[in-house]
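So you can see what is in the structure, the chains are spelled out below.
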Amino acid sequence: MKLLALIAVLMTGALLLYGTIDMPDWGDPHSPASIHVSPRYIEKTMEETAVPNVVTSVLADYRSYDTLGETVVIFTAAMACILLIRRPRT
Amino acid sequence: MELIISKYNYWVYIILMMIGFYAMIGKRNLVKKLVGMNIFQTAIILYFVSTGAKRGASIPIVEGGHGEAIHAIHAAHYVNPLPHVLMLTAIVVMVSTFGVALALIIMLYRRYNTLEEDEILELRK
Amino acid sequence: MIAHLEDVIIQTVCRILIPFIQVYGLYVIAHGHHSPGGGFQGGVILGASFILLCVAYDINEAKRRLNEKLNTMFCSLGLIIYSGIGFVCLVLGGNYLNYSRLGHILPVDSVSARSLGILGIEIGVGITVMAVMISIFLDLVSRGKHEEGLE
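Residues numbered from 1 in each chain as written. Chains lettered and ligands numbered in written order. Predicted model: local features only at pLDDT ≥ 70, side-chain atom pairs only at ≥ 80, totals over all residues.

(A) Main features of the overall build of chain A. Per the secondary structure count, chain A includes four helices and zero strands. What you see in chain A, going N to C, is helices and strands ordered as α-α-α-α. Radius of gyration (C-alpha) of chain A: 22 Å, far over the 12 Å computed for a compact globule of 90 residues. C-alpha atoms of chain A, sized along the principal axes, occupy 60 × 50 × 15 Å. Going through the 90 residues of chain A one by one, you find that 31% of them count as buried. (Helix = DSSP H or I, 4+ residues; strand = E, 2+ residues; numbered from the N terminus. Rg over C-alpha atoms; globule rule 2.2 N^0.38 Å. Buried ≥ 20, exposed ≤ 12 C-beta atoms within 10 Å, placed from the backbone.)

Written out as structure tokens, the structure is:
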């Protein structure tokens, strides 16, 4: 059973390593993740929101709807734990 | 072959992912499987945050934000902030999943009085 | 049941440290604009200070400071603050969660109104995350039997 798991893990690792041929290099400033919309967030954050921390202004102003969904997710996790574990006092 | 060896940072992420993956499918105890899932998720978060790195760039907090002097802001001086933002959400989802999974393990222990996967499958027959 | 270990050194050190940890958590929430931090990080630090109180002392001792009914109400209070700010922006004429419209009721211009809106929702998120961390910890540790004093 463990030998089968080890073979599956090694094959998956080899396939993933084969897939990294097309990936961008380490620290490339022209990789596709850094040229689409994030320069606009960095350049416009001081004149539109007056908050120097770009991560906070993106998380709480430009993408505040996603943060609302994430807060609902963690609230739902607490409710799920309460409903599963707490027993009614008889 | 040189293309695979030159991207050495991806080796670290893949080795960490495979350690977590082996713990998820190779171990028999339920809590050990859960720890393997946690290692897997941490490796994915590390991979995503590393796609935003830039050579010679500093953290994504605009300098000179206290006073009124705003210099010209170049995007190449600052690390890409979008993966950091998305991974904050992913960390919160990781914690929520871990909490609910531990609650489910407590319910399984109340019902079957054991935490080994093969004993639970035996008791269900 | 696990016997509770009453150690004088741990209890004294925790009694001195916990207010400082809570002040640091509030500092991280309030300085989310200028340094790394924000709502989630500060909320986790505040929750961790309460968990330290549970670990050093008894659970009943910690629940005298913050009982579970108040804690579950804090879970919802943070979300109400977040959505409430969004609805106020909607009532004042803009889109949902468009903070520049808050400049109509607060005496600031529309750019600073966005900064104040960010601070408001970070406070809401911090309260919710603190209450959720405490609630999940109390549920998992005592396995539903909250009357007995475990740990």
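Having seen the model, we can carry on.
(B) Main features of the interface of chain C and chain A. Listed as interface residues are 25 residues of chain C and, on the opposing side, 26 residues of chain A. Elements with a contribution of two residues or more to the side of chain C that touches chain A: helix 4 (68-91) and helix 5 (110-142) of chain C. The element contributing the most residues to the side of chain C that touches chain A is helix 5 of chain C, with 14 residues. Each residue belonging to the side of chain C that touches chain A can be placed in one class, and the counts come to twelve nonpolar, nine polar and four charged. (Contact = placed C-beta atoms within 7 Å. Nonpolar A, V, L, I, M, F, W, Y, C, P; charged D, E, K, R; others polar.)

(C) Spatial organisation of the interface of chain B and chain A. Facing the 41 residues of chain B at the interface are 42 residues of chain A. When contributions to the side of chain B that touches chain A are tallied by element, the ones reaching two or more residues are helix 1 (2-6), helix 2 (9-26) and helix 4 (82-112) of chain B. The greatest single-element share of the side of chain B that touches chain A, amounting to 14 residues, is contributed by helix 4 of chain B. Residue composition of the side of chain B that touches chain A, grouped by class: 28 nonpolar, ten polar and three charged.

(D) Spotlight on unusual backbone geometry. For B:N113, which is not glycine, the phi dihedral falls at a positive 65°. Along the polypeptide, B:N113 turns up in the loop between helix 4 and helix 5 (117-124). Of note, C:L97 is a non-glycine position whose phi angle comes to about 65°, a positive value. Within the element layout of this structure, C:L97 appears in the loop between helix 4 and helix 5.

(E) Seen up close, the packing of helix 4 of chain C against helix 5 of chain C. Residue and element names in this part refer to chain C. At a minimum axis separation of 8 Å, helix 4 and helix 5 run at an interaxial angle of 155°. Judged on the interaxial angle alone, helix 5 and helix 4 are roughly antiparallel. For helix 4 against helix 5, the interelement crossing comes out left-handed. Across the contact of helix 4 with helix 5, the residue classes break down as 15 nonpolar, eight polar and one charged. (Axes fitted to C-alpha atoms, helices over the stretch in contact; angles between N-to-C directions. Parallel < 35°, antiparallel > 145°, perpendicular 65-115°, else oblique. Left-handed = near helix turned anticlockwise from the far one by under 90°.)

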